[in-house]
Amino acid sequence: MTTHIEKDPHSGTETTGHVWDGLRELNTPLPKWWLYTWLACIVWAFGLMLLYPSLPYFTGYWHGLLGYSTRTEVMQDVAKIAGQRALVMDKVAAASFEQIRATPALLAEAQTAGRTSFANNCQPCHGAGGGGRPGYPALAAGAWLWGGRLEDIQQTLQHGIRSGAEGARDSQMPRFGVDGVLKPEEIVQVASFVMTLYGTPRREASAETVAAGAALFADNCAACHGEKGQGNREFGAPALASRTHLYGDSFEIVQGQITNPHMGVMPAWGGKLDPATIKSLAIYVHDLGGGE
Amino acid sequence: MSRIDRPDQLAQGEEGFLQYFADRKRVYPKRVYGRVRSVKWAVLVICLTVYYALPWLRWDRGEGRPDQAILLDIADRHFFFFNMEFWPQDIYYLTGLLILAAVGLFLVTSLFGRLWCGFACPQTVWTDLFMFVERQIEGDRNERMRRDAAPMSFDTAWRKALKHGLWLAIAFWTGGAWIMYYIDAPTAVHEFWTGSADPAVYAFVGLFTATTYLLAGWAREQVCTFMCPWPRFQAAMVDEQSLIVTYQAWRGEKRGHLKAQRNAAPGETYGDCIDCAGCVTACPTGIDIRDGSQLECIGCGLCIDACDMALAKVGRPTGLIAWDNLERQAAKARGETLGFHLFRPRTLIYASAMSLAFTVMVIAMSNRSDLSLSVQPDRAPLFVRLPDGTIRDGYTLKIANRNQTDAVFELHLEGLPGGELALAEAHADRATMLRLPVGPDQVASFRVLATAPSHGASTSVNFVLHDTKGGDTTTEASVFLGPAQ
């Protein structure tokens, strides 16, 4: 479209004819090579559109002449990594714990595999870093119910606790209250005694109550929990003379555990995780700070 | 006449098309001789020598270590600079260096104008080199213009072919030298020519060859005028007291050819400018400096040499175009003289910012240790209560041993009464001091457990690391968390 050329009186430069609030836009042309570069970029973009997935249809999309797909690329990467991982994990599976410990490279791989697997499978209950929570043992604290050697941890992982799986660790704490083995006041006495075992005696409990509780403890509890409340790993009986508590250390909780005990379940991971992963997990859990 | 003015453009009020895109005006800079040109050649030789030769400089660092004085080893994440060695953790020195360089550029620009653009910028240096080659083969301005205007002849064809061949050779050498800053130079050359180098090496050499050839051979002043952001904002650093290339209009005007000046009518007075267009033909960006300070002017000062050559020939005092500032020019035009003001708020602020950055850098560099420790407390669990009632916190320690020998470090914990340390994998072996071995030139990671009686929610502690061989000690502050009491 032709136009009346208008020159800016001050600079002598022609204007585009556009005026805003009395300001006139000067026409300072861009170099032509800039225009050609820009046009070339557009042509280039059409080339990319042809080669790569670009245009959506109603029923799909243009896949591009190269057949490129980020999904395929990711799946290839995943397969590649799985292949690399299999090489290492096969070695972990074949080696004994001692051999893994003695080989820093293998240990590092096992620890990494253990850490990721822990985060995916164990962390929801046992907490990040094995910090534990009521009902779920603090793995980092070393308060083991069934043993804290690498082999013990491996077995627990493999078969679980009260999981119903074959080879699972199993034990029952009698329901002293619900089944009427002990009377409610006896349970109060036993609970009062148990609290003295970990050094926070119940304030309301008289010396007589505690003494009566001690006698009841010796008759009913010591067989599993030990005479001094040191626990027994054969039955998974928690150490009571400990500052680490599975369910809590208040009077109400101890009383409740005697009356109608919670008994936690740990799933058997044998069917879900491969042996190398379980081994890696055992090493990771062991090295959280509680391993024996 | 500015470069983007078009002689074909329409006059006021005419009917026609507005042109939003302009043809490039070919620039054929004429050869000049003089002080500025000599300085520019000297700077060019120094810059290019440094650039091409530096990767070949050797520096003995002992067995199994790179012996290249300056090497940016990306693969191993080490930067070697003579006797210094930087790790990625030292990236903030680069920040300091960039701040220093930027403020230094601001200071120089506010004092002396676009010295960087005119003399030291790679675009200027390589363009100068390429123009030199062009002149040697195709001749000076007039001859080249003639050639380009005439139909292609055999003589022009072989000269152009030779020119582009030489340009490509220089560009290739430039791209190749760039790679040598990242890969050991002799190895890089050997691998390159035996075809055993990494494909990335060929790709990068190709890329830098292409950019050098295009930017210095073809794009030239277009880079400075249309691509580079620096000319656009350097105006913010320049003021009336900054030294710029200046045409002394008060002395030069009224300009006129020598013949016109000789045949001047009575009462008609001319200035010193003989309007020979020497300054215009010499300009590598194709502008007329007599129009005053312009965006396109890179401050190279070649017009000064051109003008001096012409004025000396006709026996007039030289210096009609000179480095001067606007303030002094205005004063001279009034017949006054004025000194230079180097100390101005602007320059003082830049100078103090520069010295501050420099001081911080020097202090940081001199306190640089071959040993570094970082402590990261576990975030989950924050702490663990052990069966005996004590509290245990976990930490991940990273120890960097920059020495080339095996090191054994002693780790103590300060500020935690009854505190003991143990490695996570051997947590039963508690002690007040841990001995941690770290291999040469390595960063080792340790998970350390600290155990202590409960001290409340948070206790400030210090991890103290002592190098048993080197004697260095470093301290890192952290916290020991526990249950609130």
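Counting starts from 1 at the beginning of each chain's written sequence and moves along it residue by residue. To read the labels, note that chains go from A and ligands from 1, taken in the order they are written. Local features in this predicted model are restricted to residues whose pLDDT is 70 or higher, and side-chain atom pairs enter the listing and the counts only when it is 80 or higher, whereas totals over whole chains, interfaces and linings include all residues.

(A) Geometry of the domain arrangement of chain B. All names here are of chain B. Domain extents, as shown, originate in an automatic or database domain assignment. For chain B, the assigned domains read domain 1 (35–229) and domain 2 (371–481). Placing the centre of domain 1 and that of domain 2 at their C-alpha centroids yields a distance of 48 Å. Two residues form a contact once the distance between their C-beta atoms, set from the backbone, is within 7 Å. Tallying the contact residues gives five residues for domain 1 and four residues for domain 2. Lys, Arg, Asp and Glu make up the charged group, whereas Ala, Val, Leu, Ile, Met, Phe, Trp, Tyr, Cys and Pro make up the nonpolar group; the residues left over, Gly among them, are polar. Grouping the amino acids of the side of domain 1 that touches domain 2 by side-chain chemistry returns one nonpolar, two polar and two charged.

(B) Examining the environment of Gln257 of chain A more closely. All names here are of chain A. Position of Gln257 among the secondary structure elements: in helix H10 (residues 251–259). Along the chain, Gln257 and Pro9 lie 248 residues apart, while their C-alpha atoms are 97 Å from each other. Setting aside its immediate chain neighbours within four residues, Gln257 contacts Tyr247 and His262. Going along the chain from the N terminus, every DSSP run of H or I of four or more residues is numbered as a helix, and every run of E of two or more is numbered as a strand.

(C) Representation of the sheet that holds strand S4 (residues 78–81) of chain B. All names here are of chain B. By this definition, two strands are paired if DSSP reports at least two bridges between them. Spatial strand order, S3-S4-S5: three strands in an open sheet with antiparallel pairing. The open sheet has two free edges, formed respectively by strand S3 (70–73) and strand S5 (84–86), since each of these has just one partner strand. Strand-to-strand twist in this sheet, taken as the mean axis angle between neighbours without regard to direction, amounts to 10°. The axes used here are C-alpha line fits, helices contributing only the stretch in contact, and every angle between their N-to-C directions lies in the interval 0 to 180 degrees.

(D) Up close: the pairing of strand S3 (residues 23–26) of chain A. Residue and element names in this part refer to chain A. Alignment of strand S2 (residues 15–20) against S3, held across three bridges, turns out to be antiparallel. Within the sheet, the bridge partner assigned to Val19 lies in S3 and is Arg24. Following S2, the chain reverses through two residues before pairing antiparallel with S3; Asp21 in that reversal takes a positive phi of roughly 50°.

(E) How the structure looks around the interface of chain A and chain B. Each partner contributes to the interface: chain A provides 32 residues, whereas chain B provides 34 residues. The set of elements that each furnish at least two residues to the side of chain A that touches chain B consists of strand S1 (3–4), strand S4 (30–31), helix H1 (32–51) and helix H11 (275–290) of chain A. For the side of chain A that touches chain B, the element with the highest residue contribution is H1 of chain A, accounting for four residues. Residue classes in the side of chain A that touches chain B are distributed as 13 nonpolar, 13 polar and six charged. Two strands pair when backbone bridges link them, and S4 of chain A and strand S2 (residues 21–22) of chain B are joined in this way by two bridges, in the parallel orientation. Bridged to Pro31 of chain A within S2 of chain B is Ala22 of chain B.

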